[in-house]
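Descriptive analysis of the structure
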Amino acid sequence: MTTSSDLIAFGLRASPFTKEVNDHDLWLPESKAALVDDIQNALAERQSVLLLGEPGVGKTCVLRALRNKLPQAGFRLTYCRNATLGRRDFYRYLCHTLGLHPTSTAANLFLAVETHVHDLRRDKLHPVFLLDEAHLLHQDTLDHLHILLNYEWDSRALLSLILVGLPELKDRLELRRN
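Here the structure is a predicted model, which is why all the values come from computation and not from measurement.

**Quick look at the packing of helix α2 (residues 30–44) against helix α3 (residues 59–69)**
Taken N-terminus to C-terminus, the directions of α2 and α3 make an angle of 55°; their axes are 9 Å apart at the nearest point. In terms of axis orientation, α2 runs oblique to α3. Classified by chirality, the crossing of α3 by α2 is right-handed. In this structure, α2 contributes K32, L35, V36, D37, I39, Q40 and L43 to the contact, and α3 contributes V62, A65, L66 and K69. Here the contact of α2 with α3 is built from residues that sort into seven nonpolar, one polar and three charged.

**Remarks on the nonpolar core**
Ranked by size, the top nonpolar core spans 27 residues in total, and within it Y91, L94, V113, F129, L145 and L148 carry the most contacts. Within the residue set of this core, elements represented by two or more residues are α4 (87–98), α5 (106–122), β3 (126–131), α6 (139–148) and β4 (160–165). For this core, the element with the most residues is α4, which contributes six residues. The residues contacting L94, other than those within four sequence positions of it, are T78, C80, V113, F129 and L148. Core analysis: the second largest hydrophobic core is formed by 16 residues, L43, V62, F75 and I162 among them.

**Concerning the environment of H116**
With respect to the helices and strands, H116 occurs in helix α5. A C-alpha to C-alpha distance of 8.3 Å links H116 and L98, two positions 18 residues apart in sequence. What H116 contacts, discounting residues up to four positions off in sequence, is L98 and L100.

**Brief notes about the pairing of β3**
Burial within β3 is extensive, with six of its six residues counted as buried. Burial along β3 is two-sided: the residues H126, V128 and L130 and P127, F129 and L131 are all buried. Of the strand pairs in this sheet, β3 and β4 are connected by four bridges, and their pairing is parallel. In the strand pairing of β4, L131 is matched with L163.

**Focus on the layout of surface pockets**
The space that makes up the largest pocket amounts to roughly 660 Å³. Looking at the largest pocket, it is lined by 21 residues, and the ones nearest its centre are P16, T18, V21, D25 and L26. No other element matches the three residues that α3 contributes to the lining of the largest pocket. The class makeup of the residues in the lining of the largest pocket is nine nonpolar, six polar and six charged.

The rules behind each value
- Residues numbered from 1 in each chain as written.
- Predicted model: local features only at pLDDT ≥ 70, side-chain atom pairs only at ≥ 80, totals over all residues.
- Heavy atoms only, no water.
- Axes fitted to C-alpha atoms, helices over the stretch in contact; angles between N-to-C directions.
- Helix = DSSP H or I, 4+ residues; strand = E, 2+ residues; numbered from the N terminus.
- Parallel < 35°, antiparallel > 145°, perpendicular 65-115°, else oblique.
- Left-handed = near helix turned anticlockwise from the far one by under 90°.
- Contact = heavy atoms within 4.5 Å.
- Nonpolar A, V, L, I, M, F, W, Y, C, P; charged D, E, K, R; others polar.
- Core = buried A, V, L, I, M, F, W, Y, C linked by side-chain atoms within 4.5 Å.
- Buried < 20%, exposed > 50% of the residue type's maximum accessible area, 1.4 Å probe, protein only.
- Pairing = 2+ DSSP bridges.
- 1 Å grid on protein atoms, 1.4 Å probe; cavity = no way out; pocket = protein on both sides within 12 Å on 5 of 7 lines; lining within 4 Å.
- Points joined across faces, edges and corners; volume = space filled by probe spheres on them.

Structure below.
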């Protein structure tokens, strides 16, 4: 535990060893700062991103730094942390995080997300869905993500996904089922 005398001695305003550090106060090593820049550049090009790493290497810290650095004027970030859901519940959860309230059929859930993405485009915002713990996605949900990215006859990148997870996610994606 950090005492107030420790904070004063090191010139700190708050304890640096807590999850409650504000995004703008996060310290990133040069390698992580470069990774944040790379992700920001990919999103500016309307690309999707795969962020892989072992537990505890700082994947979520990178996302928090990205949230702080990405201009709010051009992007709308949506963070989904519950990847253990089936496809319909995944879309229901996604709708909930977006503040949407569609009826419960799978088609209406998907349509609500699709309409929301088009509305954001009209408002000149690029939606970015961050799917944390993506290695836990059910296979049917993982298989369906490419459909979520298919807009206007697959001629426009209206949405970016950031899949965040353990290295085994890459193995699942390489199965070419998705």
